[in-house]
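Architecture and fold: a report
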There are 2 protein chains.
Amino acid sequence: MIIDCHGHYTTTPRAVGEYRDQQIAEVTRDPSFRGQKGSLVISDDEIRDSIEKNQLRLQKERGTDLTIFSPRASWMGHHIGNEYTSQYWTEHQNDLIRRVCDLYPQNFAPVAQLPQSPGVDPARSVPEIVRCVEEMGFIGINLNPDPSGGHWNGSSLADRAFYPIYEKMCEYDIPAMVHVSASCNDCFHTTGSHYLGADTTGFQQLVMSNVFKDFPTLKMIIPHGGGAVPYHWGRFRGLMQDQGYEPLEISALNNIYFDTCVYHQKGIDLLLDIIPVKNILFASEMIGAVRGIDPETGFPFDDTKRYIDNNTRLSAAEKHMIFEGNARRVFSRLKLAGE
Amino acid sequence: MIIDCHGHYTTTPRAVGEYRDQQIAEVTRDPSFRGQKGSLVISDDEIRDSIEKNQLRLQKERGTDLTIFSPRASWMGHHIGNEYTSQYWTEHQNDLIRRVCDLYPQNFAPVAQLPQSPGVDPARSVPEIVRCVEEMGFIGINLNPDPSGGHWNGSSLADRAFYPIYEKMCEYDIPAMVHVSASCNDCFHTTGSHYLGADTTGFQQLVMSNVFKDFPTLKMIIPHGGGAVPYHWGRFRGLMQDQGYEPLEISALNNIYFDTCVYHQKGIDLLLDIIPVKNILFASEMIGAVRGIDPETGFPFDDTKRYIDNNTRLSAAEKHMIFEGNARRVFSRLKLAGE
């Protein structure tokens with residue numbers, strides 16, 4: 001079985017965007033507008049249509065089996081409106097992920113976005129974690145290290161403000177993917193410099209903190225191949241050593257996992273060569289940031305399975321760990337029908 | 001000859017830090033404090049002592065010849081105080097670089113920091129460029145893409161606000177290294193996530209802009225091996241293609257250069273394998289961010305010459321381009337005594 005640990009519902013039916021547009025209009029008129037969750041009327045057929053023509057088609061074409069699936073990252077938009085805006089939007093988005101997974105229980109497993117909001121205590125996200133895991137069987141969360149959308153004016157992941165989330169993650173044994181949303185800061189490009197910068201930043205915040213000392217079983221996934229981290233592994237090893245931290249093997253690699261969303265062969269080869277196999281999870285983030293065909297290969301940039309298949313250094317057993325074994329360990333609550 | 005294009009004067013005599021402490025005390029008392037440039041009394045012997053025991057010793061030990069030398073990057077501190085604070089500090093720092101180069105004209109060539117300041121028009125830095133190039137023979141500048149020190153609340157490098165600097169760079173045919181200073185934002189680690197994130201961000205801002213169309217001869221150096229860029233070359237190629245930009249060969253590689261400040265063999269091998277040789281400049285940033293010995297190799301992490309020497313793919317002629325030829329082309333104003 002091939003498990004893609006990083007997919008977002010980027011092809012939602014039109015009513016989802018309309019709901020969000022309505023929310024945005026309301027908080028634009030009145031930033032403190034509270035409103036209510038309201039309803040989102042979407043038929044199962046609309047969901048089927050949006051999935052079967054897209055993610056499910058690509059799963060079949062590329063030979064992957066299961067996508068660990070969460071709401072569209074760039075649409076989390078935690079910086080938009082206030083905590084109620086984020087709360088209602090998040091609940092709908094997570095509800096929708098549950099519906100996709102109910103329709104295709106063999107193909108998708110649910111991961112939640114959180115109702116983070118700038119200036120709001122991260123602990124306020126805990127009830128949504130409880131709802132998603134206890135009531136809806138979610139197996140992980142996405143945690144935004146910068147709910148401000150590129151202004152970076154909140155707490156570091158090292159801050160104890162995040163500890164209530166970490167406690168709940170450990171209690172449930174669920175991992176978090178450290179994943180920002182869209183940038184509303186013109187200095188950053190959402191799926192380029194902002195995503196990659198946030199990956200590197202999240203890693204840095206965690207390894208130079210007490211988080212993994214205080215939560216030895218916490219599991220964090222750094223997406224997009226770890227941002228700049230594997231390419232600069234020597235720099236990070238050196239910085240840790242200079243500043244008196246334990247080596248990365250101890251301070252990072254018992255808790256941090258890297259996904260394989262790196263969109264060319266040589267990048268993937270570096271990742272597989274630097275980071276221990278036990279810390280790598282297969283992922284493509286399709287349908288996501290990069291949707292075109294690489295003219296150099298004739299295949300989609302984000303068909304990352306191909307790069308791992310083509311890697312000549314790893315054994316079949318090691319590739320199996322990356323494709324399935326590690327994901328089963330990290331997402332310990334993953335149970336498919338019949339298992 | 002081996003030219004290290006990225007070195008900062010990180011070992012300045014004590015009076016430099018004392019001057020800065022005095023400045024900081026003054027603007028802490030009164031943020032609008034103007035004051036005056038004042039004097040910085042440092043003897044040639046103090047400079048010799050600070051250089052001969054450090055950078056010059058390491059040049060000899062490592063077998064490099066010339067360092068393109070600029071003020072300590074983490075001390076530029078453009079976010080501190082106001083434009084006068086930055087103006088006076090910058091002038092002193094550049095004056096000091098000139099003195100080092102006068103004492104060791106065969107070993108150091110001068111690059112300037114700019115008196116940038118948050119909220120101040122970048123054009124106000126032009127007179128210092130003129131002073132440094134015309135009066136003091138500087139051959140390049142460091143350009144800070146985030147003078148706020150990690151708040152990213154200023155203009156993107158794509159903004160026309162930077163055009164007066166680019167015009168002057170083209171007129172003088174001098175390159176800029178895109179280099180931030182210390183982070184005053186707790187979310188970022190200065191020499192880790194902040195430096196690397198800023199490298200990626202600067203690259204992204206430039207390649208998705210009109211800057212190189214408007215300034216076809218502009219030369220920009222992205223330090224620290226280009227941040228996350230070479231590792232994610234496929235992602236950037238895909239993003240450019242999806243969004244209708246010209247390929248990176250056209251939109252980036254006629255104007256952008258990457259230095260070799262990547263502190264492990266496999267990272268350097270990736271850089272040399274992905275980026276065309278003509279776009280790579282040798283650099284170590286010694287004595288800088290990472291000062292320790294790599295226990296895996298027994299050599300300093302930042303002894304990057306060793307990684308390039310050990311690379312098995314490039315020819316001697318290609319390594320010569322990286323070590324000297326490209327730097328001579330990019331820093332066209334570099335003239336050593338006797339040349």
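Remember, it's a predicted structure, so these values are computed and weren't measured experimentally.

About the thresholds
Residues numbered from 1 in each chain as written. Chains lettered and ligands numbered in written order. Predicted model: local features only at pLDDT ≥ 70, side-chain atom pairs only at ≥ 80, totals over all residues. Heavy atoms only, no water. Pairing = 2+ DSSP bridges. Helix = DSSP H or I, 4+ residues; strand = E, 2+ residues; numbered from the N terminus. Contact = heavy atoms within 4.5 Å. Axes fitted to C-alpha atoms, helices over the stretch in contact; angles between N-to-C directions. Buried area = accessible area lost by both parts, 1.4 Å probe. Salt bridge = Lys/Arg side-chain N within 4 Å of Asp/Glu carboxyl O. Polar contact = N/O pair within 3.5 Å; in protein donor to acceptor, adjacent residues only side chain to side chain. Nonpolar A, V, L, I, M, F, W, Y, C, P; charged D, E, K, R; others polar. Buried < 20%, exposed > 50% of the residue type's maximum accessible area, 1.4 Å probe, protein only. Phe/Tyr/Trp six-rings, centres within 6.5 Å; stacked < 30°, edge-to-face > 60°. Least-squares fit on C-alpha atoms with pLDDT ≥ 70 in both.

Side note on the sheet that holds strand S2 (residues 66-71) of chain A
All names here are of chain A. Pairing is parallel in the open sheet, where eight strands are placed in the order S1-S2-S3-S4-S5-S6-S7-S8. Taken across any chain shown, the strands that pair with only one partner, and hence form the sheet edges, are strand S1 (3-9) and strand S8 (280-281). Sheet contacts for helix H4 (residues 83-103): S1, S2 and strand S3 (108-112); angle to S3, the most-contacted strand, approximately 170°.

Notes on the interface of chain A and chain B
Listed by partner, the interface residues are 57 residues for chain A and 57 residues for chain B. Roughly 4600 Å² of surface becomes buried between chain A and chain B when both sides are summed, with 57% attributable to carbon and sulfur atoms. Summed over the three residues of chain A that lose the most area to chain B, namely Cys187(A), Tyr231(A) and Arg235(A), the buried surface amounts to 19% of that side. In this assembly, chain A and chain B are joined by six salt bridges. Residues Asp273(B) and Lys266(A) are paired through a salt bridge, measuring 3.7 Å at the closest nitrogen-oxygen approach. At the surface where chain A touches chain B, the tally comes to 30 residue pairs in polar contact (both at pLDDT 80 or more). Elements that contribute at least two residues to the side of chain A that touches chain B include exactly helix H7 (190-207), helix H9 (233-242) and helix H11 (265-274) of chain A. Tallied by class, residues from the side of chain A that touches chain B come to 23 nonpolar, 24 polar and ten charged.

Section: unusual backbone geometry
Residues and elements named next belong to chain A. The residue after Met286, namely Ile287, is reached through a cis peptide bond having omega 0°. Tracing the backbone through its elements, the reader meets Ile287 in the loop between S8 and helix H12 (304-310). Here the phi dihedral of Trp152 falls at roughly 50°; this positive angle occurs in a residue that is not glycine. Along the chain, Trp152 falls in the loop between strand S4 (140-143) and helix H6 (163-172). Positive phi values are uncommon outside glycine, yet His224 reaches one of about 50°. Among the secondary structure elements, His224 is positioned in the loop between strand S6 (220-222) and H9. Under the relative-accessibility criterion, His224 is labelled buried at 0%.

Points about the side chain of Ser209(B)
Assignment of secondary structure puts Ser209(B) in the loop between helix H7 (190-207) and helix H8 (211-214). Within the structure, the side chain of Ser209(B) is placed 3.0 Å from the backbone nitrogen of Val211(B), a separation counted as a polar contact.

With respect to the packing of aromatic side chains
Going through the model one piece at a time under the given rule, you end up with 30 aromatic pairs over all chains. Between the aromatic rings of Phe282(A) and Phe323(A), the centroid separation amounts to 5.1 Å while the plane-to-plane angle is 65°, which identifies the pairing as edge-to-face. Of this pair, Phe282(A) sits in the loop between S8 and H12 while Phe323(A) sits in helix H13 (residues 316-330); the two residues are 41 residues apart in sequence, bridging distant segments of the chain. Accessibility classification places Phe282(A) together with Phe323(A) in one group, the buried group. Relative to Phe236(B), the ring of Phe203(B) has its centre 5.5 Å away and its plane inclined at 80°; by these criteria the two rings are edge-to-face. With Phe203(B) in helix H7 and Phe236(B) in helix H9 (residues 233-242), this residue pair connects regions lying 33 residues apart in the sequence. An identical accessibility class is assigned to Phe203(B) and Phe236(B); each is buried.

Structural notes on the relation of the copies chain A and chain B
The operation relating the two chain copies consists of a rotation about an axis and a shift along that axis. With an RMSD of 0.0 Å, chain A superimposes on chain B once it is rotated by 180° and translated 0.0 Å along the axis. Look at the turn and shift together and you get a two-fold axis relating the two. Here 100% of the contact residues of chain A are again contact residues in chain B; the copies associate through an equivalent surface.

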